[in-house]
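Structural description and commentary
The primary structure of each chain is shown beneath.
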Amino acid sequence: MQLDLDQTISLLERTPATLNALLHDLPDAWTSRNEGPATWSAFDVVGHLIHGERTDWMPRAKMILQFGESRTFERFDRLAQTHDSQGKSLDQLLDEFSRLRSENLRELRALNLQPADLALAGRHPAFGTVTLAQLLATWAVHDLTHLHQISRIMAYQYRDAVGPWTAYLGVLQCNGHSS
């Protein structure tokens, strides 16, 4: 499937509501626990998504449109949420993410991107040449990756409680994405 900007935006605008439905007012036992050393909690994942809204998707899209491949993207700090989220509640983070996502999608729509724009290239610090279409598709898949991750982290909390059903619960068999 090729990138369809309207479909991409349709998915991206649902992530805040999905996170709110899953996490808002949930006890900390579900949202602050992780899967062990060097893994993230649901709280950490939401903080990570906020950092991406501020420093990754739209800044990089604008950089491609303005500079093409002549400038390399800033490196993304995958652990910035450890200090950025300190002192905040999960509900505050969910509100902040919703606000930032709404602003970014408003800005994305205002760019009125055309097919030729989506083919424009930028320079990623690790991957080299990437297109605007690839960046926008990655934004959507990044959301889906972290929604999956949050489900897995939360399921992990009941890994022992489910007893023998573990064998039938695929979410408990999956690993990755946290470290």
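To be clear, the structure that these remarks concern was listed above.
Residues numbered from 1 in each chain as written. Predicted model: local features only at pLDDT ≥ 70, side-chain atom pairs only at ≥ 80, totals over all residues. Heavy atoms only, no water.

Structural notes on the overall build of the chain
Counting its regular elements, the chain contains 9 helices and 2 strands. Its helices and strands taken in sequence order, the chain reads α-α-α-α-α-α-α-α-β-β-α from the N to the C terminus. Relative to the compact-globule value of 16 Å for 179 residues, the chain shows a C-alpha radius of gyration of 18 Å, a close match. Each of the 179 residues in the chain was classed as buried or not, and the buried ones make up 39%. Approximately 9,900 Å² of the chain is accessible, and the part contributed by carbon and sulfur atoms is 54%. Distance from the positive charge centre (16 side chains) to the negative charge centre (21 side chains) of the chain: 3 Å. (Helix = DSSP H or I, 4+ residues; strand = E, 2+ residues; numbered from the N terminus. Rg over C-alpha atoms; globule rule 2.2 N^0.38 Å. Buried < 20%, exposed > 50% of the residue type's maximum accessible area, 1.4 Å probe, protein only. Areas by Shrake-Rupley, 256 points an atom, 1.4 Å probe, with all protein chains shown as cover. Lys, Arg positive; Asp, Glu negative; His and termini not counted. Charge placed at Lys NZ, Arg CZ, Asp CG, Glu CD.)

Things to note about unusual backbone geometry
Positive phi values are uncommon outside glycine, yet Asp25 reaches one of about 65°. Within the secondary structure, Asp25 is located in the loop between α2 (15–23) and α3 (28–31). At Asn112, a residue that is not glycine, the phi angle is positive and equals roughly 50°. By the element assignment, Asn112 lies in the loop between α7 (90–110) and α8 (115–118). Taking relative accessible area as the criterion, Asn112 reaches 54% and is therefore assigned exposed.

Quick look at the pattern of salt bridges
When the charged atoms of two side chains lie near each other, side chains of opposite charge can form a pair. One pass over the full model with this rule turns up 11 salt bridges. Residues Arg152 and Glu35 are paired through a salt bridge, measuring 2.7 Å at the closest nitrogen-oxygen approach. Of the two residues, Arg152 is situated in helix α9 (residues 132–156) and Glu35 in the loop between α3 and α4 (42–55); the sequence distance between them amounts to 117 residues. A relative accessible area of 2% means that Arg152 is categorised as buried. The exposure class assigned to Glu35 is buried, which follows from its relative accessible area of 16%. (Salt bridge = Lys/Arg side-chain N within 4 Å of Asp/Glu carboxyl O.)

Side note on the pairing of strand β1 (residues 121–124)
The two faces of the sheet receive side chains in turn, since in a regular strand these alternate between them. With 4 bridges connecting them, β1 and strand β2 (residues 128–131) associate as antiparallel partners. The residue bridging Ala121 from the neighbouring strand is Thr131, located in β2. (Pairing = 2+ DSSP bridges.)

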